[in-house]
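Here is what each chain is made of, one letter per residue.
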Amino acid sequence: MTTSVTIITSDNNTFFIPREAAMISNILASSLEDEDEDEDQQYPLPLTFEKLRPVVDFLIEYSKRPYDSDFINGKLDNKEYQFYIDFVNRSFKELYLIAETANFLDATPLYNILLAKMSQLTKNKTIEQLSVIVDIPMDKISTRSEEDLESSYPWVKQLLDSN
């Protein structure tokens, strides 16, 4: 029985990860289910080593010690989950790039923790604060007026007025 899976990156690097870790990704799991477990399982992915590295680290840790829903539901500072706390302690841009890879691989536990942290970082922020967090200069952010938005999307105003 094969206990590891070989992932080959687009820049020709290789990851050897435990089968249990690979199974967390629904994309990899669907491929693994179709394979004989005794065969050497190699999967080329259109992702670079740099993009895949944090995802592989997460999958390996999660396969050993998954977090529970309380951790995601507003308790992202529980010291019992130090790996996950350190993992999401990144810039918004880094979190976003990892989330793209997690989404591509359909790695739901990773995607969930990233979205929770990104939500935490952006909650109750002004447009100016968000501009800094997401690293988009204010002059690149649309300044459409409220009237413009209401005329383009009248259903939003109607919905808000009805509540």
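Residues numbered from 1 in each chain as written. Predicted model: local features only at pLDDT ≥ 70, side-chain atom pairs only at ≥ 80, totals over all residues. Heavy atoms only, no water.

Q: Describe the overall build of the protein chain, with residues and values.
A: Along its length, the protein chain carries ten helices and three strands. Of the regular secondary structure in the protein chain, the N- to C-terminal order runs β-β-α-α-β-α-α-α-α-α-α-α-α. Here the protein chain holds 163 residues, and the buried ones make up 32% of them. Taking contacts inside the protein chain between residues at least 6 apart in sequence as the whole, the part at least 24 apart equals 55%. Per element, the accessible surface of the protein chain, about 10300 Å² overall, is 50% carbon and sulfur. (Helix = DSSP H or I, 4+ residues; strand = E, 2+ residues; numbered from the N terminus. Buried < 20%, exposed > 50% of the residue type's maximum accessible area, 1.4 Å probe, protein only. Contact = heavy atoms within 4.5 Å. Areas by Shrake-Rupley, 256 points an atom, 1.4 Å probe, with all protein chains shown as cover.)

Q: Summarise the pairing of strand β1 (residues 4–8); cite the residues concerned and give the values.
A: Successive side chains on a regular strand alternate, one facing one side of the sheet and the next facing the other. Relative to strand β2 (residues 14–18), β1 is paired through five bridges, and the arrangement is antiparallel. Considered in β2, the bridge of T6 is made with F16. If you look at the hairpin formed by β1 and β2, you'll find five residues sitting between the two strands, and N12 has a positive phi there, around 60 degrees. For β1 and strand β3 (residues 42–44), the ladder comprises three bridges, and the chain directions are parallel. Bridging across to β3, I7 finds its partner in Y43. (Pairing = 2+ DSSP bridges.)

Q: With reference to specific residues and values, describe the packing of aromatic side chains.
A: A complete count under the given rule lists nine aromatic pairs for this structure. Note on Y62 and Y67: the rings are 5.3 Å apart at their centroids and 65 degrees apart in plane angle, and the pair reads as edge-to-face. Overall, Y62 belongs to the buried group, its relative accessible area being 18%. Cluster of aromatic residues (ring-pair linked, three or more members): F58, Y62, Y67, Y81, F83, Y84 and F87. The aromatic ring of F87 is capped on one face by R90, whose charged end is 4.5 Å from the ring centroid. (Phe/Tyr/Trp six-rings, centres within 6.5 Å; stacked < 30°, edge-to-face > 60°. Lys NZ or Arg CZ within 6 Å of the ring centre and 35° of its normal.)

Q: Could you give me a rundown of the packing of helix α3 (residues 49–64) against helix α6 (residues 92–105), with the residues and numbers involved?
A: Where α3 contacts α6, the axes come no closer than 9 Å and their chain directions differ by 75 degrees. Classified by the angle between their axes, α3 and α6 sit roughly perpendicular to one another. Two secondary-structure elements touch here, α3 through K51, L52, P54 and V55 and α6 through L97, I98, E100, T101 and L105. Class assignment for the residues of the contact of α3 with α6 results in six nonpolar, one polar and two charged. (Axes fitted to C-alpha atoms, helices over the stretch in contact; angles between N-to-C directions. Parallel < 35°, antiparallel > 145°, perpendicular 65-115°, else oblique. Nonpolar A, V, L, I, M, F, W, Y, C, P; charged D, E, K, R; others polar.)

Q: Outline α3, supporting the account with residue identities and numerical values.
A: In a regular helix each residue adds 1.5 Å, so 16 residues correspond to 22 Å; α3 covers 22 Å between its end C-alpha atoms and thus fits that length. Those residues of α3 that fall on the buried side of the exposure criterion are L52, P54, V55, V56, F58, L59, E61 and Y62. (Expected span 1.5 Å × (residues − 1).)

Q: Mind laying out helix α7 (residues 108–122), listing which residues take part and the relevant values?
A: Relative to the 21 Å expected for 15 residues at 1.5 Å per residue, α7 spans 21 Å between its end C-alpha atoms, a close match to the ideal helical length. Taken together, the buried positions of α7 are occupied by P109, L110, I113, L114, A116, K117 and M118. The inward-facing, buried residues of α7 contact α3, α4 (69–72), α5 (82–87) and α6.

Q: An account of the sheet that holds β3 is requested, with residue identities and associated values reported.
A: One open sheet holds the three strands; their spatial order is β2-β1-β3, and the pairing between them is mixed. A strand with exactly one partner marks an edge of an open sheet, and here the two such strands are β2 and β3. The mean inter-strand angle of the sheet, taken between neighbouring strand axes irrespective of direction, is 25 degrees. Where α3 meets the sheet, its contacts fall on β1 and β2, and the angle it forms with β2 comes to roughly 10 degrees.

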